[in-house]
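# Reading the structure
One-letter residues, chain by chain:
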Amino acid sequence: MKEQSALSTEYVEVLINATTPDGTSVDVDSLLVELAIVPVAQGDPLEGDWAAAAHLRSGVVGLLVGPFGGNARVLERGDYEVWHRTPDNPERPVAATGKLRIT
């Protein structure tokens, strides 16, 4: 579980490894990836919870979380589940990727 102070503004990073059914690697850097960070008690993310992720480096995307920065998502202290999805046509894979604790 990643921990972050409620006073800190940082990217919550997610490593995305994607392959085709035959095992060929997919270039994630060319895809739209969305992240949702929702309270653990909520369960699955709702449609309004999703936000476009920033491509930080090869295979790593992130969402800025904290009290500073115009596009940062401000979260209350507590435990959260981090999700990622890649909207595509016809597939739209969604997966939980880890936990975040805001202290």
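Data block above holds the structure.
These lines cover the structure that appears in this document, whether it is placed above or below. (Residues numbered from 1 in each chain as written. Predicted model: local features only at pLDDT ≥ 70, side-chain atom pairs only at ≥ 80, totals over all residues. Heavy atoms only, no water.)

### Some remarks on the nonpolar core
Among soluble globular proteins, nonpolar side chains are generally buried collectively. As a reminder, the rule being used: What makes a nonpolar core is a set of buried Ala, Val, Leu, Ile, Met, Phe, Trp, Tyr and Cys residues whose side-chain atoms join them at distances within 4.5 Å. Between buried and exposed lies partly exposed: a residue is buried under 20% and exposed over 50% of the maximum accessible area for its type, with that area taken using a 1.4 Å probe on protein chains only. Numbered from the N terminus, helices here are DSSP runs of H or I no shorter than four residues, and strands are runs of E no shorter than two. In this description, contact between two residues means that some pair of their heavy atoms is separated by no more than 4.5 Å.
Counting 17 residues, the largest nonpolar core has Ile-37, Val-61, Leu-75 and Leu-100 as its most contacted members. Of all the secondary structure elements, the ones that give two or more residues to this core are strand S2 (10–15), strand S3 (34–39), strand S6 (60–65), strand S7 (78–85) and strand S8 (94–102). At three residues, the largest contribution of residues to this core is made by S6. Setting aside its immediate chain neighbours within four residues, Leu-75 contacts Ile-37, Val-65, Tyr-80, Leu-100 and Ile-102.

### Comments concerning the pattern of salt bridges
Under the convention used in this document: Should a side-chain nitrogen of Lys or Arg be within 4 Å of a carboxyl oxygen of Asp or Glu, the pair is scored as a salt bridge.
On inspection of all chains with the given rule, the structure shows eight salt bridges. Linking Glu-34 and Arg-85 is a salt bridge whose minimum nitrogen-to-oxygen distance equals 2.5 Å. In this pair, Glu-34 is assigned in strand S3 and Arg-85 in strand S7, connecting sequence segments 51 residues apart. Residue Glu-34 is classed as buried on the basis of its relative accessible area of 14%. The partner of Asp-79 in a salt bridge is Arg-101, and the shortest N-O contact between them spans 2.6 Å. Separated by 22 residues along the polypeptide, Asp-79 in strand S7 and Arg-101 in strand S8 bring together distant segments of the chain.

### Remarks on the sheet that holds S6
For the record, the criterion: The criterion for strand pairing is that DSSP finds at least two bridges linking the strands in question. Here an angle of 0 to 180 degrees is reported between the N-to-C directions of two axes, which are lines fitted to C-alpha atoms, with helices fitted over the stretch in contact.
Reading across the sheet, the three strands line up as S2-S6-S5 and stay open at both edges, with antiparallel pairing between neighbours. Since the sheet does not close on itself, it has two edges, and those belong to S2 and strand S5 (54–57), each with one partner. Averaged over neighbouring strand pairs, the angle between their axes works out to 45° when direction is ignored. Summarising the sheet, S5 and S6 pair through three bridges and their orientation is antiparallel. Residue Ala-54 lies in a different strand from S6, and its bridge partner there is Gly-62.

### A look at the pairing of S7
With six of its eight residues buried, S7 lies for the most part within the structure. In this sheet, S7 lies alongside S3 in antiparallel orientation, the contact comprising six bridges. Bridging across to S7, Pro-39 finds its partner in Tyr-80. In terms of strand pairing, S7 meets S8 through eight bridges, oriented antiparallel. What sits directly across from Tyr-80, in S8, is Leu-100.

Read these as layout, nothing more, since geometry by itself doesn't imply function.
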